[in-house]
Structures are given as structure tokens and as C-alpha cells.
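Residue-level structure breakdown
Below, each chain spelled out in residue letters.
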Amino acid sequence: MSVALALACVVPCAAPAAADSSACTHHWSGPQVCVRLQGRNSYNSVTAIWTNPPKATKKRGVRLTLDGDQLGVVQTARRVGGTISFTWSTMDTDTDTKVCVRFTGINRVACDRTKYIGNRASF
């Protein structure tokens, strides 16, 4: 009985999981591009990251698409340390949306999908 009560509390009392995720292009050579989603359910900030730019490259244009539609204008990503990145502020990306980033002049696209994470406890 005490085990059942403990389990009954664990599921609904647990904090919901975060929706943070990331995805990168997987090529053995050339530019490595990643997209990182940080947020929960339909509200996410999106970061585009070029992980291995040439040392001389200090900035590059980057675009964001949601389900294939470009959001706004091309943004300027800037070098910080060894990477070039840009973060879009938290926005309503909806759930089950394909989020992609692409740097100008690079034919690699990194995509991830937003997810719904909520309390799904049932009694």
C-alpha cells in the first residue's frame, strides 16, 4: 500500500521535463551547423551555431525557418570564442514545428522539432 501511495505522488508531483533540445548537421568534413531550442512547449528561444568556422570569419548572416517559412529577416551571427552564433528571443514557435537554421553561404541546414512536454499524469 505504501509503495502505491509513493508512486501515486511521484508521477503528479514530479516537475515537468524541460523541452530544451539541440540538433546538428552530421558531416565528416566542412561546416558543422547546430540549432538549439530552449524553452517549454510552444515558447522557445532558438540559437543557430556554426561550430567550426574559419578563424578569419567574424560574422555571418543566418536565417530561421518554422515549418519552411522564413521568420523575419536574415540576422547577423557573430563570433564568440571558437563559434559563430545568434539567438532569437523567446517566441511562440507552436508545438510539433520543424525549426531550421541556415547560415548564408553554407549549404548545410540544422533542424529540430518543437515538442509538447506537460504533466500527463492520469488517475
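Everything numeric in this text was worked out from a predicted model, so none of it was measured.

Criteria and thresholds
Residues numbered from 1 in each chain as written. Predicted model: local features only at pLDDT ≥ 70, side-chain atom pairs only at ≥ 80, totals over all residues. Heavy atoms only, no water. Pairing = 2+ DSSP bridges. Helix = DSSP H or I, 4+ residues; strand = E, 2+ residues; numbered from the N terminus. Buried < 20%, exposed > 50% of the residue type's maximum accessible area, 1.4 Å probe, protein only. Core = buried A, V, L, I, M, F, W, Y, C linked by side-chain atoms within 4.5 Å. Contact = heavy atoms within 4.5 Å. pLDDT = per-residue confidence, 0-100. Salt bridge = Lys/Arg side-chain N within 4 Å of Asp/Glu carboxyl O.

This part is about the pairing of strand E8 (residues 98-103). Here 5 bridges tie strand E4 (residues 59-66) to E8, and the two strands are oriented antiparallel to one another. By the bridge assignment for E8, leucine 64 is matched with valine 101. For E8 and strand E9 (residues 109-113), the ladder comprises 5 bridges, and the chain directions are antiparallel. Paired with arginine 102 across the two strands is valine 109, which belongs to E9. Between E8 and E9, which pair antiparallel in sequence order, lie 5 residues; one of them, glycine 105, sits at a positive phi of approximately 85 degrees.

We note that aspartate 94 has phi near 65 degrees; this positive angle belongs to a residue other than glycine. Note on placement: aspartate 94 falls in the loop between strand E7 (83-92) and E8. For aspartate 94, a relative accessible area of 46% corresponds to the partly exposed category. With phi around 60 degrees, aspartate 96 is a residue other than glycine that occupies positive phi space. Mapped onto the secondary structure, aspartate 96 falls in the loop between E7 and E8.

This paragraph deals with the nonpolar core. Note that soluble globular proteins tend to have their nonpolar side chains buried in a common cluster. Membership of the largest hydrophobic core comes to 19 residues, with the highest contact counts inside it found for Val46, Leu64, Trp88, Val101 and Phe103. Of all elements in the fold, only strand E2 (33-40), strand E3 (43-50), E4, E7 and E8 reach the threshold of two or more residues within this core. Residue contacts for valine 101: discarding those within four places in its chain leaves Val33, Cys34, Val35, Val46, Ala48, Val62, Arg63, Leu64, Trp88, Arg108, Val109 and Ala110.

Looking at where serine 45 falls in the secondary structure, it is placed in strand E3. Setting aside anything within four residues of it in sequence, one finds serine 45 in contact with Arg36, Leu37, Gln38, Thr87, Trp88, Ser89 and Thr90.

Caution applies to low-pLDDT parts of the model: their predicted coordinates are not meant to be read in detail. Mean pLDDT for the chain: 83, with 80% of residues reaching 70 or above. A low-confidence stretch, residues 1-18 (pLDDT under 50), is modelled with 11 contacts involving residues beyond four sequence positions or located in other chains.

Glancing now at the pattern of salt bridges. Scanning the entire structure with this criterion turns up 2 salt bridges. Put simply, aspartate 96 and arginine 113 hold a salt bridge, and the shortest N to O gap is 3.4 Å. Of this pair, aspartate 96 sits in the loop between E7 and E8 while arginine 113 sits in strand E9, placing them 17 residues apart in sequence. We classify arginine 113 as partly exposed; its relative accessible area is 36%. A salt bridge links aspartate 112 to lysine 115, with the nearest nitrogen and oxygen atoms 3.7 Å apart.

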